[in-house]
Amino acid sequence: MAFISVFDVLGPNMIGPSSSHTAGACVIAFLARKMIGGNPKKVEFILYGSFAKTYKGHGTDRALLGGLMGFGTDDVRIRDSFSIATERGIEYKFTPNSEITEIHPNTVDVCMEDEEGRKVTVRGESLGGGKVRIVKIDQVDIDFSGEYSAIILVHRDRPGVIAYISKILSEHNINIAFMKLYRESKGNKAYTIIESDEMIPPDIKPGLYKNEHISQVMIVQ
């Protein structure tokens with residue numbers, strides 16, 4: 001069976017006038033939601049470039065908030081995302097930033113906080129046609145498109161962690177299409193992103209968490 005990406009499903013159909021400013025924005029926030037691993041209770045969207053200039057008129061604000069709540073790009077609830085977020089008790093605000101210009105024109109930082117007070121910031125770029133790239137998690141530069149099923153692991157940069165991760169994936173018969181490692185600095189926080197042609201079963205998490213250096217496991221598909 002051929003792999004169908006999130007963009008094949010969501011990209012062609014959308015609420016709003018622009019694939020870059022609405023569909024792409026929705027997908028960025030949708031992926032950011034996956035990376036905090038729950039329901040954010042507070043969020044600040046910091047918008048750059050053309051996002052900062054046109055986010056109200058193009059519905060970028062509604063699309064971002066809708067994606068954060070798990071709405072697909074063609075979900076009609078995006079039109080009412082402000083009121084739905086208020087009903088769900090989500091605090092949100094939009095902050096345009098016109099000072100930073102050396103950046104992709106359709107860029108947004110999604111600064112989230114969950115019910116337990118954990119904070120995660122995800123930076124994404126909308127590339128057009130509903131395609132996006134996640135370029136930063138907190139202070140670590142990454143490169144992640146979301147086009148494949150993926151597992152994102154937060155761990156300490158220690159010897160043997162990558163070998164352990166590969167072993168657990170092999171035990172679950174998951175074929176690795178791409179694997180990338182990003183780190184703050186030697187020995188500190190690191191992110192490993194593994195993309196696969198296959199769906200990643202949720203029951204893989206307990207085995208991964210048995211490694212003392214792995215602090216978070218996120219599945220995106």
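The shown structure was predicted, so the numbers you read here are calculated from the model rather than taken from an experiment.

Caption draft 1: Quick look at the sheet that holds strand β7 (residues 149-156). The strand order across the open sheet formed by four strands is β8-β9-β7-β10, and the pairing between neighbours is antiparallel. In this open sheet, the two strands that pair with only one neighbour each are β8 (176-183) and β10 (214-220). Adjacent strand axes in the sheet meet at a mean angle of 15 degrees, parallel and antiparallel pairs treated alike. Judged from the eight bridges that link them, β7 and strand β9 (residues 189-196) form a sheet pairing that is antiparallel. Bridge pairing links Leu153 to Thr192 in β9.

Caption draft 2: Representation of helix α6 (residues 161-171) within the structure. For α6, every residue scored as buried is listed here: Val161, Tyr164, Ile165, Ile168 and Leu169. Each buried residue of α6 sits inside an arc of 135 degrees when the element is viewed along its axis, so together they form one side. In this structure, the buried residues of α6 make contact with β7, β8, β9, α7 (205-209) and β10.

Caption draft 3: Highlighting the sheet that holds strand β5 (residues 131-137). Here we have six strands laid out as an open sheet, ordered β2-β1-β3-β4-β5-β6, and mixed in their pairing. Edge positions in the open sheet fall to β2 (91-97) and β6 (140-144), since each of these has one partner strand only. Within this sheet the neighbouring strands show an average axis-to-axis angle of 20 degrees, counted without direction. Of the pairings in the sheet, the one linking β5 to β6 comprises three bridges and is antiparallel in character. Bridging from a neighbouring strand, Lys136 pairs with Asp141 of β6. Contacts from helix α4 (residues 60-68) reach β1 (42-48), β2 and β3 (106-113), with the element oriented near 140 degrees to β1.

Conventions we followed
Residues numbered from 1 in each chain as written. Predicted model: local features only at pLDDT ≥ 70, side-chain atom pairs only at ≥ 80, totals over all residues. Heavy atoms only, no water. Pairing = 2+ DSSP bridges. Helix = DSSP H or I, 4+ residues; strand = E, 2+ residues; numbered from the N terminus. Axes fitted to C-alpha atoms, helices over the stretch in contact; angles between N-to-C directions. Buried < 20%, exposed > 50% of the residue type's maximum accessible area, 1.4 Å probe, protein only. Arc of directions from axis to C-beta. Contact = heavy atoms within 4.5 Å.

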